[in-house]
Amino acid sequence: MTLVNEPINRTQRIKKYCRFRKSGIKYVDYKDANFLLRFLNEQGKILPRRITGNSVKFQKKVAVAVKRARQLALLPYVTDSLK
Amino acid sequence: MELNQYETVFILTPVLSDEQMKDAVEKFRNVLKKNEVEFVGDENWGLKKLAYPILHKNTGFFHLFEFKANPTVIAALELEFRRDEKVLRFMTVKLDKHSIEFNARRRNGEFNKKSEDKKEGTAA
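How each quantity is defined
- Residue positions are given per chain, counting from 1 as you read along its sequence in written order.
- Going through the entries in the order they are written, you letter the chains from A and number the ligands from 1.
- Since the coordinates come from a predicted model, pLDDT governs what is reported: local features require at least 70, and pairs of side-chain atoms require 80 or more to be given and counted, while whole-chain, interface and lining totals use all residues.
- Hydrogens and waters are ignored; side-chain quantities use all the structure's heavy atoms.
- Residues belong to one nonpolar core when they are buried, are Ala, Val, Leu, Ile, Met, Phe, Trp, Tyr or Cys, and are joined through side-chain atoms within 4.5 Å.
- Each residue gets one of three labels from its accessible area relative to the maximum for its type: buried under 20%, exposed over 50%, partly exposed in between, using a 1.4 Å probe on protein chains only.
- The helix and strand labels rest on DSSP assignments: H or I over at least four residues marks a helix, E over at least two residues marks a strand, and numbering proceeds from the N terminus.
- Contacts were defined at the residue level, with two residues in contact if any of their heavy atoms lie within 4.5 Å.
- Throughout, the accessible surface (probe 1.4 Å) given up by two parts as they are put together, summed over both, is called the buried area.
- Each salt bridge in this description consists of a side-chain nitrogen of Lys or Arg and a carboxyl oxygen of Asp or Glu lying within 4 Å of one another.
- Here a polar contact means two N or O atoms within 3.5 Å. Within protein one must be a hydrogen donor candidate and the other an acceptor candidate, and residues neighboring in sequence count only if both atoms are side-chain atoms.
- Pairing between strands is defined by DSSP: at least two bridges between the two strands are required.
- Note on definitions: angles span 0 to 180 degrees between N-to-C directions of axes, and those axes are lines fitted to C-alpha atoms, for helices only across the stretch in contact.
- Should an angle lie under 35 degrees it is considered roughly parallel, over 145 roughly antiparallel, and from 65 to 115 roughly perpendicular; all remaining angles are considered oblique.
- Two helices crossing with the near one rotated counterclockwise from the far one by less than a right angle form a left-handed crossing, whereas a clockwise rotation gives a right-handed crossing.
- Nonpolar residues are Ala, Val, Leu, Ile, Met, Phe, Trp, Tyr, Cys and Pro. Charged residues are Asp, Glu, Lys and Arg, and all others, Gly as well, are polar.

### Examining the nonpolar core
Here is step 1 of the chain: In this structure, A:Phe20, A:Tyr30 and A:Leu36 are the most contacted members of the largest nonpolar core, which totals 33 residues.
Here is step 2 of the chain: Those elements giving two or more residues to this core turn out to be α2 (33–36) and α4 (56–71) of chain A together with β1 (4–12), β2 (38–54), β3 (57–69) and β4 (87–94) of chain B.
Here is step 3 of the chain: Considering each element in turn, this core owes the most residues, five residues, to α4(A).
Here is step 4 of the chain: With near-sequence residues (within four places) excluded, A:Phe20 lies in contact with A:Ile25, A:Val28, A:Phe35, A:Phe39, A:Asn54, A:Phe58 and A:Val62.

Dropping the structure here:
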C-alpha cells in the first residue's frame with residue numbers, strides 16, 4: 001500500500017552554494033576577523049560545512065584562516081558570547 | 001635563490017611607551033634591511049584588544065610587515081623575535097599568488113570599510 005496521494009511535506013530545501021565560488025573570492029584573509037566571525041558559532045567554534053554550505057576547498061581555507069587568527073588573538077579559542 | 005613573498009604580524013606588549021614601540025619596530029625593520037629584503041607593505045594596527053590574555057596582558061600593539069625575501073632570512077628574523085621579550089607573539093606567513101593579489105588590492109584601498117563586506121562577504 002504505497003502512500004500515493006499522501007502529501008509528503010518535504011520542506012522546500014534551499015540549494016546551498018559556496019559563497020566563495022559564487023562571489024569569486026580566492027583568498028580567505030586571516031587578518032579580517034569580522035569576516036571570519038560568520039563561520040563561527042557563539043562559542044567561537046568553526047561551523048561545519050553542512051551549515052555554512054562551503055565547498056571543501058574553501059572550508060579548509062576558512063579553517064586555516066580561523067586557526068591563524070586565533071593564534072594572533074584576533075579570534076578567541078572559546079568564548080561564551082561571541083556575537 | 002628566488003625571492004618569496006612573506007607577511008609577518010607581531011604583537012608588542014602594551015607596557016611600552018611610544019618611542020620604545022617605534023624603535024622596537026625599527027629594530028625588526030633593520031634586521032630585515034640588513035639581509036637585503038624588498039619591503040612591499042607596512043601596516044600599523046596600533047593598540048588592539050586581544051581576544052584572550054597573553055602573558056596576562058589584554059591589549060597588544062599589532063604591526064604588520066610585508067616583504068620579499070630569501071627563505072634563509074626568515075630564520076634570522078624569527079630568531080630576533082624570539083630573543084626580544086617585548087614581543088608577545090609573532091607569525092610569518094608565506095604568500096601564494098592569490099594572497100599576493102589580495103594584499104595588493106587591499107593595500108590600494110579597494111576594501112575600504114564600507115565595501116569591505118560587499119567585496120569580502122557573502123554575495124547572497
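### Overview of the interface of chain A and chain B
Here is step 1 of the chain: In this assembly, 21 residues from chain A lie in contact with 28 residues from chain B.
Here is step 2 of the chain: For the chain A face of the interface with chain B, the top three residues by lost area are A:Tyr27, A:Lys31 and A:Leu72, together amounting to 28%.
Here is step 3 of the chain: Counting across the chain A and chain B interface gives one salt bridge.
Here is step 4 of the chain: Linking chain A with chain B are six residue pairs in polar contact (both at pLDDT 80 or more), by the criterion used here.

### Observations concerning the sheet that holds β3(B)
Here is step 1 of the chain: If you walk across this open sheet you meet the four strands as β2-β3-β1-β4 (chain B), and the pairing is antiparallel. Looking at which strands have only one partner, the edges of the open sheet turn out to be β2 and β4 of chain B. Averaged over all pairs of adjacent strands, the angle between strand axes in this sheet comes to 20°, irrespective of strand direction.
Here is step 2 of the chain: The pairing of β1(B) with β4(B) spans seven bridges and is classified as antiparallel. What sits directly across from B:Ile11, in β4(B), is B:Arg89.
Here is step 3 of the chain: Against the sheet, α4(A) engages β2 and β4 of chain B, with an angle of about 155° to β4(B).
Here is step 4 of the chain: In this fold helix α3 (residues 97–107) of chain B packs onto β1, β2 and β3 of chain B, with an angle of close to 90° to the strand it touches most, β2(B).

### Notes on the packing of helix α1 (residues 18–34) of chain B against helix α2 (residues 71–83) of chain B
All names here are of chain B.
Here is step 1 of the chain: In contact at an axis separation of 10 Å, α1 and α2 are set at 155° when each is read in the N-to-C sense. Compared by their axis directions, α1 and α2 come out roughly antiparallel. Of the two possible hands of crossing, α1 and α2 adopt the one that is right-handed. Packed against α1, whose contacting residues are Lys27, Phe28, Val31 and Leu32, the element α2 presents Val73, Leu77, Glu80 and Phe81 at the interface.
Here is step 2 of the chain: Of the residues in the contact of α1 with α2, the class split is six nonpolar, no polar and two charged.

### Let's talk about the side chain of B:Glu7
Here is step 1 of the chain: Tracing the chain through its elements places B:Glu7 in strand β1.
Here is step 2 of the chain: Of the polar contacts made by the side chain of B:Glu7, one reaches the side chain of B:Asn103; its length is 3.0 Å.
Here is step 3 of the chain: B:Glu7 has contacts with A:Tyr30, A:Lys31, B:Leu64, B:Phe65, B:Glu66, B:Met91, B:Thr92, B:Val93, B:Leu95 and B:Asn103, leaving out every residue within four places of it along the chain.

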